[in-house]
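Breakdown of the fold
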Amino acid sequence: GAVVSQHPSWVICKSGTSVKIECRSLDFQATTMFWYRQFPKQSLMLMATSNEGSKATYEQGVEKDKFLINHASLTLSTLTVTSAHPEDSSFYICSAMTGGNGYTFGSGTRLTVV
Amino acid sequence: RKEVEQDPGPFNVPEGATVAFNCTYSNSASQSFFWYRQDCRKEPKLLMSVYSSGNEDGRFTAQLNRASQYISLLIRDSKLSDSATYLCVAPEGGTALIFGKGTTLSVSS
(Lines give C-alpha, C1' and ligand atoms only; values in the text may rest on other atoms or scores of the structure.)
Protein backbone atom coordinates (compact mmCIF):
# COMPACT_ATOMS: atom_id res chain seq x y z
CA GLY A 1 0.00 0.00 0.00
CA ALA A 2 0.87 3.67 -0.17
CA VAL A 3 3.47 4.69 2.38
CA VAL A 4 4.50 8.12 3.61
CA SER A 5 7.83 8.25 5.38
CA GLN A 6 8.14 11.07 7.92
CA HIS A 7 11.38 12.16 9.57
CA PRO A 8 12.49 12.79 12.19
CA SER A 9 10.28 10.83 14.57
CA TRP A 10 11.18 13.09 17.42
CA VAL A 11 13.35 16.14 17.87
CA ILE A 12 14.40 18.33 20.75
CA CYS A 13 15.62 21.80 19.88
CA LYS A 14 16.54 25.00 21.62
CA SER A 15 14.20 27.94 21.61
CA GLY A 16 14.89 30.23 18.67
CA THR A 17 16.20 27.56 16.34
CA SER A 18 14.48 26.11 13.27
CA VAL A 19 13.42 22.54 12.69
CA LYS A 20 12.66 20.87 9.37
CA ILE A 21 10.28 17.93 9.10
CA GLU A 22 10.19 15.85 5.93
CA CYS A 23 7.48 13.69 4.47
CA ARG A 24 8.22 11.49 1.49
CA SER A 25 5.77 9.39 -0.46
CA LEU A 26 7.62 6.18 -1.16
CA ASP A 27 5.59 4.41 -3.81
CA PHE A 28 3.18 6.98 -5.15
CA GLN A 29 3.08 10.59 -6.18
CA ALA A 30 1.59 12.91 -3.62
CA THR A 31 0.21 15.91 -5.44
CA THR A 32 -1.34 17.16 -2.22
CA MET A 33 0.03 16.88 1.29
CA PHE A 34 -1.75 17.93 4.46
CA TRP A 35 0.05 19.02 7.60
CA TYR A 36 -1.56 18.57 11.00
CA ARG A 37 -0.62 19.46 14.54
CA GLN A 38 -1.84 17.68 17.65
CA PHE A 39 -1.44 18.95 21.20
CA PRO A 40 -1.85 16.52 24.14
CA LYS A 41 -5.42 15.28 24.54
CA GLN A 42 -6.50 17.38 21.56
CA SER A 43 -7.62 16.55 18.05
CA LEU A 44 -5.47 16.67 14.97
CA MET A 45 -5.80 20.21 13.69
CA LEU A 46 -5.17 20.94 10.03
CA MET A 47 -2.42 23.52 9.65
CA ALA A 48 -2.00 23.76 5.92
CA THR A 49 -2.48 22.09 2.58
CA SER A 50 0.46 21.94 0.24
CA ASN A 51 0.25 21.30 -3.47
CA GLU A 52 3.25 20.36 -5.55
CA GLY A 53 4.69 23.34 -7.33
CA SER A 54 2.48 25.98 -5.74
CA LYS A 55 2.18 27.90 -2.49
CA ALA A 56 0.64 26.19 0.50
CA THR A 57 -2.78 27.15 1.77
CA TYR A 58 -2.76 27.86 5.48
CA GLU A 59 -5.64 27.51 7.89
CA GLN A 60 -6.83 30.52 9.80
CA GLY A 61 -4.59 31.30 12.74
CA VAL A 62 -1.54 29.48 11.37
CA GLU A 63 1.39 31.80 10.67
CA LYS A 64 2.73 31.10 7.21
CA ASP A 65 6.01 32.86 7.96
CA LYS A 66 6.58 30.68 10.99
CA PHE A 67 5.57 27.36 9.49
CA LEU A 68 7.24 27.23 6.11
CA ILE A 69 5.98 24.54 3.77
CA ASN A 70 7.77 23.46 0.64
CA HIS A 71 6.38 20.93 -1.81
CA ALA A 72 8.90 21.09 -4.61
CA SER A 73 8.41 17.57 -5.91
CA LEU A 74 5.66 14.98 -6.14
CA THR A 75 7.33 12.85 -3.51
CA LEU A 76 8.57 15.33 -0.94
CA SER A 77 6.92 17.94 1.25
CA THR A 78 8.70 19.69 4.11
CA LEU A 79 7.51 21.72 7.07
CA THR A 80 10.00 24.05 8.73
CA VAL A 81 9.18 25.46 12.13
CA THR A 82 11.17 28.69 12.25
CA SER A 83 12.33 30.38 15.45
CA ALA A 84 10.71 27.65 17.50
CA HIS A 85 9.34 28.42 20.95
CA PRO A 86 8.19 26.09 23.72
CA GLU A 87 4.54 26.65 22.73
CA ASP A 88 5.37 25.08 19.35
CA SER A 89 6.08 21.79 21.10
CA SER A 90 3.57 19.39 19.63
CA PHE A 91 3.02 16.31 17.49
CA TYR A 92 3.25 17.19 13.80
CA ILE A 93 1.97 14.75 11.21
CA CYS A 94 1.57 14.77 7.47
CA SER A 95 -1.01 13.05 5.32
CA ALA A 96 -1.29 12.47 1.60
CA MET A 97 -4.17 11.54 -0.60
CA THR A 98 -3.78 8.25 -2.35
CA GLY A 99 -6.04 6.82 -5.02
CA GLY A 100 -9.73 6.13 -4.48
CA ASN A 101 -10.38 8.74 -1.79
CA GLY A 102 -7.79 7.13 0.46
CA TYR A 103 -5.41 8.88 2.80
CA THR A 104 -2.15 7.76 4.29
CA PHE A 105 -0.33 9.30 7.21
CA GLY A 106 3.29 9.73 8.09
CA SER A 107 4.34 8.35 11.45
CA GLY A 108 4.47 11.80 13.01
CA THR A 109 7.16 13.98 14.54
CA ARG A 110 7.19 14.84 18.20
CA LEU A 111 8.79 18.26 18.60
CA THR A 112 9.97 19.48 21.96
CA VAL A 113 11.33 23.01 22.21
CA VAL A 114 13.33 23.75 25.33
CA ARG B 1 -14.62 25.33 8.85
CA LYS B 2 -17.18 22.56 9.26
CA GLU B 3 -17.19 20.78 12.60
CA VAL B 4 -17.13 17.17 13.70
CA GLU B 5 -18.25 16.49 17.24
CA GLN B 6 -17.72 13.30 19.20
CA ASP B 7 -18.75 11.79 22.49
CA PRO B 8 -16.42 13.24 25.11
CA GLY B 9 -15.51 9.91 26.75
CA PRO B 10 -13.50 8.37 28.22
CA PHE B 11 -15.22 5.02 28.04
CA ASN B 12 -13.99 2.47 30.55
CA VAL B 13 -15.38 -1.00 29.85
CA PRO B 14 -14.54 -4.58 30.83
CA GLU B 15 -13.38 -7.15 28.34
CA GLY B 16 -16.23 -8.61 26.36
CA ALA B 17 -18.41 -5.52 26.65
CA THR B 18 -20.17 -3.84 23.76
CA VAL B 19 -19.51 -0.13 23.42
CA ALA B 20 -20.80 2.49 21.01
CA PHE B 21 -19.47 5.90 20.04
CA ASN B 22 -21.40 8.61 18.27
CA CYS B 23 -20.20 11.42 16.08
CA THR B 24 -22.14 14.30 14.54
CA TYR B 25 -21.05 16.30 11.54
CA SER B 26 -22.18 19.68 10.27
CA ASN B 27 -21.25 19.50 6.60
CA SER B 28 -24.31 18.00 4.94
CA ALA B 29 -22.38 17.75 1.68
CA SER B 30 -19.97 15.15 3.07
CA GLN B 31 -20.32 11.88 1.18
CA SER B 32 -17.95 9.61 3.02
CA PHE B 33 -16.73 9.26 6.53
CA PHE B 34 -14.05 7.39 8.38
CA TRP B 35 -13.30 6.03 11.79
CA TYR B 36 -9.62 6.11 12.65
CA ARG B 37 -7.90 4.59 15.60
CA GLN B 38 -5.00 6.39 17.25
CA ASP B 39 -2.73 4.86 19.83
CA CYS B 40 -0.80 7.11 22.16
CA ARG B 41 1.96 9.04 20.36
CA LYS B 42 1.24 7.28 17.08
CA GLU B 43 -0.24 8.23 13.75
CA PRO B 44 -3.96 7.54 13.13
CA LYS B 45 -4.75 4.24 11.46
CA LEU B 46 -7.85 3.75 9.33
CA LEU B 47 -10.35 1.48 11.04
CA MET B 48 -13.41 1.73 8.82
CA SER B 49 -14.80 3.72 5.93
CA VAL B 50 -18.48 4.57 5.74
CA TYR B 51 -19.89 5.49 2.35
CA SER B 52 -23.54 4.51 2.52
CA SER B 53 -25.75 3.45 5.39
CA GLY B 54 -23.15 1.44 7.18
CA ASN B 55 -20.26 -0.97 7.18
CA GLU B 56 -19.38 -4.03 9.22
CA ASP B 57 -15.99 -5.63 9.73
CA GLY B 58 -15.82 -8.40 12.30
CA ARG B 59 -16.52 -6.96 15.73
CA PHE B 60 -16.80 -3.43 14.39
CA THR B 61 -19.92 -1.88 12.88
CA ALA B 62 -20.19 1.66 11.61
CA GLN B 63 -23.53 3.24 10.77
CA LEU B 64 -24.37 6.46 8.99
CA ASN B 65 -27.56 8.46 9.46
CA ARG B 66 -27.60 11.24 6.89
CA ALA B 67 -30.92 12.65 8.01
CA SER B 68 -29.61 13.27 11.51
CA GLN B 69 -26.03 13.78 10.36
CA TYR B 70 -24.39 11.35 12.68
CA ILE B 71 -22.11 8.35 12.44
CA SER B 72 -21.75 5.65 15.03
CA LEU B 73 -19.16 3.00 15.77
CA LEU B 74 -20.12 -0.17 17.62
CA ILE B 75 -17.49 -2.46 19.06
CA ARG B 76 -18.64 -5.88 20.20
CA ASP B 77 -16.77 -8.28 22.48
CA SER B 78 -14.19 -5.64 23.44
CA LYS B 79 -10.57 -6.76 23.71
CA LEU B 80 -7.78 -5.23 25.75
CA SER B 81 -6.12 -4.35 22.45
CA ASP B 82 -9.08 -2.17 21.52
CA SER B 83 -7.92 0.42 24.06
CA ALA B 84 -7.13 3.52 22.02
CA THR B 85 -8.58 6.83 20.92
CA TYR B 86 -11.15 6.60 18.16
CA LEU B 87 -11.39 9.52 15.78
CA CYS B 88 -14.40 10.36 13.67
CA VAL B 89 -13.33 11.93 10.41
CA ALA B 90 -15.12 13.69 7.59
CA PRO B 91 -13.39 14.90 4.43
CA GLU B 92 -14.13 18.51 3.63
CA GLY B 93 -14.72 19.16 0.00
CA GLY B 94 -13.10 15.87 -0.86
CA THR B 95 -9.72 17.07 0.31
CA ALA B 96 -8.47 17.59 3.84
CA LEU B 97 -9.71 15.33 6.61
CA ILE B 98 -11.40 17.09 9.50
CA PHE B 99 -11.02 15.19 12.75
CA GLY B 100 -13.22 15.04 15.78
CA LYS B 101 -11.50 15.37 19.14
CA GLY B 102 -11.59 11.65 19.61
CA THR B 103 -13.11 9.32 22.13
CA THR B 104 -10.82 7.40 24.44
CA LEU B 105 -11.65 3.77 25.10
CA SER B 106 -10.06 1.81 27.90
CA VAL B 107 -10.79 -1.90 28.07
CA SER B 108 -9.84 -3.62 31.31
CA SER B 109 -9.58 -7.28 32.29
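Values in this document were obtained by computation on a predicted structure and should not be read as measured data.

With that settled, the discussion passes to the state of the cysteines. Simply put, disulfide is the name for a covalent bond between the sulfur atoms of two cysteines. Here the structure, examined in full by the defined rule, presents 2 disulfides over all chains. The partner cysteine of A:Cys23 in its disulfide is A:Cys94, sulfur to sulfur 1.8 Å. On the S-S bond that ties A:Cys23 to A:Cys94, the torsion sits near -95°, and the link is left-handed. Pair noted here: A:Cys23 is in strand S3 (residues 19-25) and A:Cys94 is in strand S9 (residues 90-97), with a separation of 71 residues, a long-range link. Across this residue pair, the class does not change: A:Cys23 and A:Cys94 are buried. Across the disulfide from B:Cys23 sits B:Cys88; the S-S distance is 1.9 Å. Looking down the S-S bond of the B:Cys23 and B:Cys88 bridge, the torsion is -75°, so its handedness is left-handed.

Mapping A:Ser77 onto the fold places it in strand S8 (residues 76-81). In this structure the side chain of A:Ser77 is engaged in a polar contact, spanning 3.1 Å, whose partner is the side chain of A:Trp35.

Calculation rules
- Residues numbered from 1 in each chain as written.
- Chains lettered and ligands numbered in written order.
- Predicted model: local features only at pLDDT ≥ 70, side-chain atom pairs only at ≥ 80, totals over all residues.
- Heavy atoms only, no water.
- Disulfide = S-S within 2.5 Å.
- Helix = DSSP H or I, 4+ residues; strand = E, 2+ residues; numbered from the N terminus.
- Buried < 20%, exposed > 50% of the residue type's maximum accessible area, 1.4 Å probe, protein only.
- Polar contact = N/O pair within 3.5 Å; in protein donor to acceptor, adjacent residues only side chain to side chain.

The values are spatial; any link to function lies outside them.
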